[in-house]
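Observations on chain architecture
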Amino acid sequence: MLWYTTSLSSKKTNRPTSFTRWPKLFYAAEFNPASCKGCKALVSVCNEAREDLQQWSFVQALNLRVTDTRPARALDYFEYSAMNCRAHSASITDFGGVGDGTTVNTKAFQAAIDSLSQFGSDGGSMLFVPPGKWLTGSFNLTSHFTLYLHRDAVLLASLDIDEWPVIDPLPSYGRGRDAPGGRYISLIFGTNLTDVIITGNNGTIDGQGALWWQMFHGGKLNQTRPYLIELMYSDNVQISNLTLVNSPSWNIHPVYSSNILIQGITINAPVNSPNTDGINPDSCTNTRIEDCYIVSGDDCIAVKSGWDEYGISFAMPTKQLFIRRLTCISPTSAVIALGSEMSGGIEDVRAESILAINSESGVRIKTAAGRGGYVRDIYVRDMTMHTMKWAFWMTGNYGSHPDDKYDPNALPMVRNINYRDVVADNVSMAARLEGIAGDPFTEICLSNMTIGLAAKAKKVQWNCTDVAGVSSEVTPKPCNQLPQQGADEVTECEFPDERLPMENVVIRRARKSLASLLASVVVDEKEGKSTERSWSFGRRDGVSTAAKDRHLSNFRSLSWSVSKNWSAAKQIQAISNNLYPPRGGESTGLAMTVYIMSVVLSFVMWTLVAAIPCQERSGLGTHIPVPKQPGWAQTMCGLQEKIAEEWKKKEKKGSAGLMEEIVRAEKLSQSLMDLLANFQFPMESEREAEIAAQVVALAEICRRMEEGLGPLQQQIREVFHRIVRSRTEVLDMLDQAAKASGQNV
């Protein structure tokens with residue numbers, strides 16, 4: 001019994017192994033479960049066959065790895081949370097990536113993503129970044145795509161300015177923030193994307209920002225500094241489980257986008273680094289930020305929507321934003337800032353379970369005359385603060401403008417601001433609330449707050465101008481513009497009960513074979529070989545250039561180039577696509593003989609793969625170019641069509657020998673996995689009985705599988721033996737012929 005995984009090593013020792021969910025077994029029309037022996041003996045035989053097959057030139061040439069039938073170790077897989085899982089995957093090493101910290105991998109990343117983009121309509125794709133330091137400039141993502149960083153992987157931003165193309169300023173800003181004109185593109189960039197995920201097992205993205213900070217402080221920038229991650233005009237975005245350090249400027253910047261999940265992010269920047277904001281949702285709708293830890297030289301989270309007349313004209317607000325379980329350290333800025341670029345509007349922002357440590361202010365609203373727009377319907381609760389300059393700060397005179405074309409009469413509207421359930425200690429000043437003369441900030445509500453003062457606190461704890469609202473159970477006593485309600489009028493500030501759409505997004509558990517993705521790395525380190533291996537029957541080392549050129553036309557149809565990280569089906573597709581019949585004088589003699597042999601072997605391999613209910617069969621629809629001369633050609637074409645029709649029917653019905661058991665086993669096992677993920681104690685009796693029945697059914701399926709594999713695996717093994725013997729003999733013959741030709745040149 002044999003089945004295939006994606007990435008292979010030709011070494012016999014230290015081979016990675018994998019075991020994908022339930023084994024994907026062969027099926028056959030004549031299969032008779034009752035005539036087979038037990039599974040223990042079969043497992044032993046299969047493992048012996050695996051050892052033998054691993055050494056066969058047939059297996060090595062195809063880069064197929066025969067998978068161990070024994071249960072996998074925990075390290076054979078990695079799991080990650082994702083809004084969508086992917087059907088296809090590759091490693092950056094498959095595209096020439098080198099993780100030595102000095103080799104520039106910009107072209108490798110872009111080539112990998114461009115190649116994987118072909119799977120956008122076929123289940124999507126994932127690019128795996130293994131352990132190492134991967135130096136790179138900016139690269140663009142694609143739709144239906146996941147970028148996954150191993151926990152020991154570090155993306156190092158290139159210090160070569162030429163690796164950072166300059167792009168136009170954002171239309172809602174009108175110019176760059178550091179300088180007029182354009183801006184350097186972000187390290188990881190994407191625009192007009194759907195379903196894009198940037199995640200990992202806490203892998204690291206290092207912006208190496210010191211160079212950029214020096215240029216900023218020295219006034220040497222003619223363009224705006226790049227960000228680490230920026231996605232524009234995109235939908236269904238996930239950025240999760242990563243560590244971001246030393247960004248040149250902002251860290252994460254989703255802009256003009258919707259349905260965004262930012263989760264489990266750690267951001268670390270020197271607290272004196274300029275403008276290293278943590279997460280800046282900008283003109284975005286339906287965003288969820290949770291479980292993040294941020295140390296920043298600027299605001300930890302800054303909510304934005306455009307700058308003065310440009311933002312007013314663009315008119316795209318940020319709304320439906322939910323922030324929870326955030327920890328922030330920002331000695332010179334805010335934990336959560338609203339603005340100052342808020343000219344497109346900010347509304348319906350909710351924040352809860354926030355921890356602020358050694359920061360300038362807890363929540364700050366920043367705006368000015370000329371901004372226009374609005375900040376409204378803001379809700380904050382369950383906030384804890386330690387060592388703060390201000391607990392809350394509202395600024396109506398922030399003052400910075402993109403140019404002198406702004407309208408000073410474009411006044412912002414700030415209203416319905418709700419803060420409740422707040423505990424703070426070691427605070428220098430409770431609040432600094434400054435509206436705009438003639439344009440007061442209204443409907444401010446503060447409730448259930450205890451703000452402990454620092455030893456050297458300000459004498460005046462509340463500085464309030466041009467604001468209006470109410471307070472309830474707040475210590476120390478607020479300013480007169482926020483009068484305390486009486487005991488019989490205690491008011492709890494509003495926090496909406498209805499859930500935002502992004503709160504209902506279901507996060508799945510995606511699973512990938514770590515062994516298969518790391519296999520090419522292991523081989524490259526040990527052998528120093530490329531991740532793309534080409535086998536050409538007619539071109540061998542030791543043959544002179546003239547001989548190679550002379551034999552090239554005769555054997556061009558025999559060059560099989562396959563990738564280590566392809567499935568068996570895709571490798572068959574690649575082999576078939578490179579089969580070309582001889583032309584002219586080549587139509588007789590050895591060239592035609594070898595071509596026919598290659599066609600037959602390809603067809604046999606195609607048939608064997610067609611018998612496996614595997615995860616990817618996109619290559620099986622490939623037409624094998626059968627030569628017309630032989631009398632059996634028409635029969636082979638007809639047989640291929642019938643086999644393809646048969647496996648499609650059986651796969652759709654889920655009933656083909658053991659296929660029926662496989663389908664049932666997968667459903668039952670998935671049900672049990674769901675139980676473990678949502679287990680609650682004590683268990684209801686009905687649920688317990690249901691699970692017991694599923695376990696019994698699963699045991700029965702296993703018993704039938706144990707009794708039904710012996711003869712089938714023996715037949716398949718014999719077929720592979722015949723193929724290997726035939727191909728090995730022909731390869732030896734061609735080697736000898738090529739060497740002889742080289743000696744005669």
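These numbers come from a predicted model, not from an experiment.

**A word on the packing of aromatic side chains**
Each aromatic ring pair is specified by the distance between its two centres and by the angle formed by the two planes. Enumeration over the complete set of coordinates arrives at 12 aromatic pairs. For the ring pair Tyr379 and Phe495, a centre distance of 6.4 Å and an interplane angle of 65° mean the geometry is edge-to-face. Of this pair, Tyr379 sits in strand β23 (residues 374–395) while Phe495 sits in the loop between β27 (467–475) and β28 (508–513), and the two are 116 residues apart along the sequence. By relative accessible area, Phe495 is classed as buried at 8%.

**Looking at the confidence of the model for the protein chain**
Of the residues in the protein chain, 67% have a pLDDT of 70 or more, and the chain-wide mean is 78. Here residues 520–566 scores under 50 on pLDDT; set against residues more than four positions off or in separate chains, the count is 123 contacts. Scored below 50 in pLDDT, residues 614–619 makes 19 contacts in the model with residues more than four places away or belonging to other chains.

**Points about the environment of Glu352**
As for its position among the elements, Glu352 is in strand β22 (residues 346–366). A relative accessible area of 15% means that Glu352 is categorised as buried. Sequence separation between Glu352 and Leu326 is 26 residues, and the spatial gap between their C-alpha atoms is 8.3 Å. Once residues within four sequence positions are removed from consideration, Glu352 is found in contact with Phe322, Ile323, Arg324, Arg325, Arg381, Asp382 and Phe495. Within the local environment of Glu352, its side chain forms a polar contact with the side chain of Arg381, the two groups lying 2.8 Å apart.

**Here we look at unusual backbone geometry**
Of the consecutive residues Gly339 and Ser340, the connecting peptide bond is found in the cis state with omega at 10°. A cis amide bond links Thr475 with the next residue in sequence, Pro476, at an omega value of 0°. Of note, Pro476 is situated in the loop between β27 and β28. A positive phi angle, near 55°, is found at Asp348, a position not held by glycine. On the secondary structure map, Asp348 appears in strand β22. Judged by its relative accessible area of 17%, Asp348 is buried.

**Let's talk about the sheet that holds strand β11 (residues 188–191)**
The 4 strands lie next to each other as β6-β11-β14-β16, forming an open sheet whose pairing is parallel. The open sheet is flanked by β6 (139–140) and β16 (252–255), the only strands paired with a single partner. Where β6 and β11 come together, 2 bridges link them in parallel fashion. The residue bridging Asn140 from the neighbouring strand is Phe189, located in β11.

**Considering the pairing of β22**
Most of β22 sits out of view: 17 of its 21 residues are buried. Here 10 bridges tie strand β20 (residues 318–329) to β22, and the two strands are oriented parallel to one another. Bridging from a neighbouring strand, Lys319 pairs with Glu347 of β22. Note: β22 against β23, 16 bridges, orientation parallel. Looking at the pairing, Val349 lines up with Ile378 of β23.

Parameters at a glance
- Residues numbered from 1 in each chain as written.
- Predicted model: local features only at pLDDT ≥ 70, side-chain atom pairs only at ≥ 80, totals over all residues.
- Heavy atoms only, no water.
- Phe/Tyr/Trp six-rings, centres within 6.5 Å; stacked < 30°, edge-to-face > 60°.
- Helix = DSSP H or I, 4+ residues; strand = E, 2+ residues; numbered from the N terminus.
- Buried < 20%, exposed > 50% of the residue type's maximum accessible area, 1.4 Å probe, protein only.
- pLDDT = per-residue confidence, 0-100.
- Contact = heavy atoms within 4.5 Å.
- Polar contact = N/O pair within 3.5 Å; in protein donor to acceptor, adjacent residues only side chain to side chain.
- Pairing = 2+ DSSP bridges.

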